[in-house]
Amino acid sequence: MALIDWDDSFTVNVKQLDDQHKQIIGMINNLHAAMQAGKGRQEVGEIINKMVEYTRLHFSSEEKVLSENGYPAYNDQKRAHDAFTQRVLDFQQQYQQSNLVLSLQVIGFLKEWWTGHILGEDRKYAAFLNQKGVR
Ligand SMILES: [Fe+2]
């Protein structure tokens, strides 16, 4: 069973961003599965690297759409993205330096952050963007 199951409550009604959120959730699920399967440091490290890279790509796509459309709470989004990016970069670095064991706590943090962010801050822009014709 996957750690996080996508359902319609996650939709932000913008295809590109929903697709990216699905990819990220898939990556967290992969990370969880790799941990449960006892995969080695290198393999887990690669999943972490891909996840960090994809997260940055996603944040820049989302920020671009929000800023181009004059989203009023853009700064809140940017702040949340920057704070999260900093945390995952620290986490990635610590993992690479072997100072961190991938734990359920780390995965739990990723799960809580993403589900909270998508269902909270991200869903708030859905109606705004749709009204601007972005879907
Ligand atoms: Fe966001």
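Structural notes, computed from the coordinates.

So, how was this worked out
- Residues numbered from 1 in each chain as written.
- Predicted model: local features only at pLDDT ≥ 70, side-chain atom pairs only at ≥ 80, totals over all residues.
- Heavy atoms only, no water.
- Helix = DSSP H or I, 4+ residues; strand = E, 2+ residues; numbered from the N terminus.
- Rg over C-alpha atoms; globule rule 2.2 N^0.38 Å.
- Buried < 20%, exposed > 50% of the residue type's maximum accessible area, 1.4 Å probe, protein only.
- Contact = heavy atoms within 4.5 Å.
- Areas by Shrake-Rupley, 256 points an atom, 1.4 Å probe, with all protein chains shown as cover.
- Lys, Arg positive; Asp, Glu negative; His and termini not counted.
- Charge placed at Lys NZ, Arg CZ, Asp CG, Glu CD.
- Salt bridge = Lys/Arg side-chain N within 4 Å of Asp/Glu carboxyl O.
- Donors = N, O, S within 2.8 Å, 3.2 Å for Na, K, Ca; no water.

Across its full length, the chain carries 4 helices and 0 strands. Sequence-ordered secondary structure for the chain, helices as α and strands as β, is α-α-α-α. The C-alpha radius of gyration computed for the chain amounts to 15 Å, which stays within 12% of the reference 14 Å derived for 135 residues, consistent with globular compactness. Dimensions of the chain, computed from the C-alpha atoms along their principal axes, are close to 45 × 30 × 20 Å. Relative to its full complement of 135 residues, the chain shows a buried share of 44%. In the chain, once contacts between residues fewer than 6 apart in sequence are set aside, the share between residues at least 24 apart is 76%. Accessible area of the chain: about 7,500 Å², with a carbon and sulfur share of 48%. For the chain, the distance from the average position of its 15 positive side-chain charges to the average position of its 17 negative side-chain charges is 1 Å.

On to unusual backbone geometry, then. Of note in this structure, Asn13 is not a glycine but carries a positive phi near 60 degrees. Mapped onto the secondary structure, Asn13 falls in the segment before helix H1 (15-36). Despite not being glycine, Ser98 shows a phi value in the positive range, around 60 degrees.

Turning our attention to the pattern of salt bridges. Under the criterion given, the structure shown has 6 salt bridges. Of the charged contacts in the structure, one is a salt bridge between Glu68 and Lys64, with a shortest N-O distance of 3.2 Å. One end of the pair is Glu68 and the other is Lys64, both in helix H2 (residues 41-68) and 4 residues apart, which spans about a single turn. Classification of Lys64 as exposed rests on a relative accessible area of 51%. Asp76 is the salt-bridge partner of Arg79, the closest N and O atoms lying 2.9 Å from each other. Placement of the pair is Arg79 and Asp76 together in helix H3 (residues 74-96), with a separation of 3 residues, close to one helical turn.

In this section: the coordination of the iron ion. Surrounding the iron ion are the protein donor atoms Glu62 (OE), Gln77 (OE1), His81 (NE2), His117 (NE2) and Asp122 (OD), at 2.0 to 2.4 Å. Taken in sequence order, the residues that donate to the iron ion follow the motif E-x14-Q-x3-H-x35-H-x4-D. A residue pair is termed long-range when its members are at least 10 positions apart, and Glu62 in helix H2 and Gln77 in helix H3 qualify at 15 residues. A single burial state applies to Glu62 and to Gln77, both of which are buried.

Remember that the coordinates give geometry; whether it matters functionally is a separate question.
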